[in-house]
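Here is how the chains run, residue by residue.
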Amino acid sequence: MRLRRCAMLLLEPRETVAFQFEALLDGGDGRVRSLGWVALAPHLEQPVALSAQAQAWLGTLSPSAWTELAADAAEMPMAQALLAAGLLIAEDGDGVAAARDARLRGVHWHPLAAVMHAFSRWDGVDAVYNMQASETETAEQMRQTLGEPPREAPQLAGAGPRLALPDVDGNAFDQLLARRVTCRNFDPDRPLPLAVFAQLLQRTFGSRCRFQVGQDLVFLKKSVPSGGGLHPIEAYLVVQNVAGLAPGLYHYRGDSHELERVASEVTVDRAFVMEMVGQQHWFADAHVLVVLAPRFERTFWKYRQHAKSYRVVAMEAGHLSQTLYLAATDAGLGAFITGAINEKHIERALQLDTIAEGVLAVCGFGWRAAQMTTTELDPAGMIWHPAAV
Ligand SMILES: Cc1cc2nc3c(=O)[nH]c(=O)nc-3n(C[C@H](O)[C@H](O)[C@H](O)COP(=O)(O)O)c2cc1C
């Protein structure tokens with residue numbers, strides 16, 4: 001049999017801490033610690049526990065050249081187990097792991113970014129329950145549980161005297177910035193007009209101009225900057241409450257300012273949306289939720305195995321989010337972004353090719369409710385006048 005190691009693999013000596021009542025009776029604190037090797041391979045969905053022997057042997061196998069292993073080789077049982085786990089690939093292998101490993105080789109991820117992205121995705125996480133369980137739900141609880149925080153502004157050691165800067169007269173742009181407040185209270189009883197919806201999408205995700213180089217290299221000019229001008233982030237929409245638009249899953253085409261329905265089996269109901277946003281009910285009534293879904297392969301096509309390329313894509317999600325916030329604020333709407341999302345749930349619904357594409361954040365926008373039920377950060381009372389709170 002001819003074998004090679006999967007393309008990317010990070011080996012972690014992981015400590016697991018379990019609570020055992022017997023350990024408490026023996027006079028300890030009840031915690032039992034065990035150490036073991038864990039393989040983090042981004043083409044696999046889960047970490048794989050490894051014996052020390054398998055860990056050492058994997059380190060001797062090339063991920064590029066094929067190694068011949070005789071049928072009666074002493075390593076054969078270990079090889080079979082590693083093949084079944086997807087950490088080894090057979091030359092004639094045709095399973096899911098082999099296919100994903102081959103795909104990964106073609107997408108040019110930086111290995112550390114691939115591992116980080118693959119293993120920081122959530123599935124079935126209830127972020128609200130986790131905040132309650134960790135007693136970090138309110139600001140007071142956070143202070144109580146987490147202790148003294150780093151200061152809100154750093155005190156530079158050895159800094160010279162401070163120079164006061166002029167306060168320049170504000171204009172409409174300052175007013176707009178001041179009214180940008182993350183919205184956690186949407187009004188489910190007031191549909192969003194289609195024209196406002198379209199304007200927000202165009203301003204944030206739409207192409208303003210197209211520039212072609214040669215036969216098939218096309219650059220789109222958008223409102224936001226993008227590393228290499230490649231604009232890898234797609235906007236998938238969960239439309240919930242837009243006048244004249246059937247609720248459901250859509251893809252916004254930034255190149256042509258059009259919507260297309262996503263072919264998906266899923267039912268887009270409240271449970272689906274709550275699962276998207278990690279059970280943060282304060283976002284579930286948004287008129288529109290926007291999944292920021294990079295096609296990593298577009299940026300990585302230029303920046304191959306590049307140490308910065310994943311960061312660049314993540315930063316672009318921030319640019320899109322801020323532009324969406326400002327466009328929404330300008331239109332008299334509220335907007336939000338959340339990173340506490342169940343990416344795998346969204347990937348399944350959108351049927352993303354998770355080696356080449358992914359989900360970085362979920363944004364949303366819509367009319368604000370008249371009453372504040374969930375706290376928003378508006379200390380200056382720009383949005384929430386005392387009567388409404
Ligand atoms: C990347 C990112 C992720 C965020 N994730 C969440 C989130 O999971 N839940 C939430 O309620 N707010 C989330 N927020 C919003 C922040 O809580 C909010 O920006 C902050 O409290 C400051 O309030 P402001 O945006 O109104 O100024 C996120 C903001 C950013 C930039």
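Each value, and the rule that gives it
Residues numbered from 1 in each chain as written. Predicted model: local features only at pLDDT ≥ 70, side-chain atom pairs only at ≥ 80, totals over all residues. Heavy atoms only, no water. Helix = DSSP H or I, 4+ residues; strand = E, 2+ residues; numbered from the N terminus. Buried < 20%, exposed > 50% of the residue type's maximum accessible area, 1.4 Å probe, protein only. Polar contact = N/O pair within 3.5 Å; in protein donor to acceptor, adjacent residues only side chain to side chain. Pairing = 2+ DSSP bridges. Contact = heavy atoms within 4.5 Å. Axes fitted to C-alpha atoms, helices over the stretch in contact; angles between N-to-C directions. Salt bridge = Lys/Arg side-chain N within 4 Å of Asp/Glu carboxyl O. Core = buried A, V, L, I, M, F, W, Y, C linked by side-chain atoms within 4.5 Å. Domains from an automatic or database assignment. Left-handed = near helix turned anticlockwise from the far one by under 90°. Nonpolar A, V, L, I, M, F, W, Y, C, P; charged D, E, K, R; others polar. Near = heavy atom within 4 Å. Areas by Shrake-Rupley, 256 points an atom, 1.4 Å probe, with all protein chains shown as cover.

As annotated in an unreviewed UniProt entry, the protein chain is Peptide maturation dehydrogenase from Stenotrophomonas nematodicola.

Student: Even after reading the chapter, I still don't get the side chain of Q280, so can you show me in this structure?
Tutor: Counting through the fold element by element, Q280 comes out in the loop between α10 (270–276) and β12 (288–294). Exposure remark for Q280: the relative accessible area of 9% places this residue in the buried category. Side-chain polar atoms of Q280 contact the side chain of T338, separated by 2.9 Å.

Student: Looking at this model, I keep getting lost on the sheet that holds strand β6 (residues 88–90). Mind explaining?
Tutor: Paired through backbone hydrogen bonds, the strands of a sheet run either parallel or antiparallel to each other. Sheet architecture is open: 3 strands sit in the order β5-β1-β6, paired in antiparallel fashion. Where the open sheet ends on each side, the last strands, each with one partner, are β5 (67–68) and β6. With 3 bridges connecting them, strand β1 (residues 2–5) and β6 associate as antiparallel partners. Among the inter-strand pairings, L3 is bridged to a residue of β6, identified as A90. This element, helix α3 (residues 76–85), spans β1 and β6 of the sheet and lies at about 95° to β6.

Student: Before we go on, may I ask you to explain the pattern of salt bridges in this structure?
Tutor: Pairing is possible between side chains that carry opposite charge, provided their charged atoms lie close to one another. All told, the structure shown has 17 salt bridges when counted by the stated rule. Of the charged contacts in the structure, one is a salt bridge between R348 and D123, with a shortest N-O distance of 2.9 Å. Of the two residues, R348 is situated in helix α13 (residues 343–350) and D123 in the loop between α5 (111–119) and α6 (127–133); the sequence distance between them amounts to 225 residues. Here D123 falls in the partly exposed class, since its relative accessible area comes to 39%. Between R203 and D330 there is a salt bridge, and its shortest N-O distance comes to 2.8 Å. Within this pair, whereas R203 is found in helix α9 (residues 194–205), its partner D330 is found in helix α12 (residues 309–330), the two being separated by 127 residues in sequence. When its relative accessible area of 32% is taken as the criterion, R203 is described as partly exposed. Accessibility expressed as a relative area gives 45% for D330, which makes it partly exposed. Through salt bridges with shared partners, a single network forms among E45, R100, R121, K344 and E347.

Student: Just to check I follow, could you spell out the nonpolar core for this structure?
Tutor: The nonpolar side chains of a soluble globular protein tend to be buried, and buried together. Membership of the largest hydrophobic core comes to 70 residues, with the highest contact counts inside it found for W109, F197, L237, V290 and F365. Each of domain 1 (2–107) and domain 2 (174–388) accounts for three or more of the residues forming this core. In this structure, V290 is in contact with F205, A235, Y236, L237, L324, A361, V362, C363, G364 and F365, ignoring residues within four places of it in sequence. Counting residues in each nonpolar core, the second largest holds 23 residues, with V48, L50, L69 and A79 among its members.

Student: I keep staring at the packing of α9 against α12 and nothing clicks. Help me out?
Tutor: Any two packed helices are characterised by the angle at which their axes cross and by the distance between the axes. Remark: α9 packs on α12, axes separated minimally by 9 Å, with the N-to-C direction vectors making an angle of 145°. The two elements α9 and α12 meet at a crossing, and its hand is right-handed. Each of L200, R203, T204 and F205 in α9 lies in contact with α12, whose residues at this interface are L320, T323, L324, A327, A328 and D330. In the contact of α9 with α12, the residues fall into 6 nonpolar, 2 polar and 2 charged.

Student: Would you mind showing me how to read the site of the ligand here?
Tutor: Around the ligand, the surrounding shell consists of R180, V181, T182, R184, Q280, W282, F283, I337, T338, G339, A340 and L377. Contact between the ligand and T338: an oxygen atom at 2.7 Å from a side-chain N or O atom of the residue. For the ligand, a nitrogen atom lies 3.3 Å from a polar atom in the backbone of G339. If the ligand stood free it would expose 620 Å²; the protein chains cover 58% of that surface. Split by residue class, the shell around the ligand holds 6 nonpolar, 4 polar and 2 charged.

Student: I would appreciate a short explanation of unusual backbone geometry in the present structure.
Tutor: Most peptide bonds adopt trans geometry, and most residues besides glycine take a negative phi value. One non-glycine residue, Q305, adopts positive backbone phi at about 45°. As for its position among the elements, Q305 is in the loop between α11 (296–302) and α12. Q305 sits in the partly exposed class, given a relative accessible area of 42%. In this model, Q351 sits at a positive phi of 50°, which is unusual for a non-glycine residue. Relative to the elements of secondary structure, Q351 occurs in the loop between α13 and β14 (361–366).

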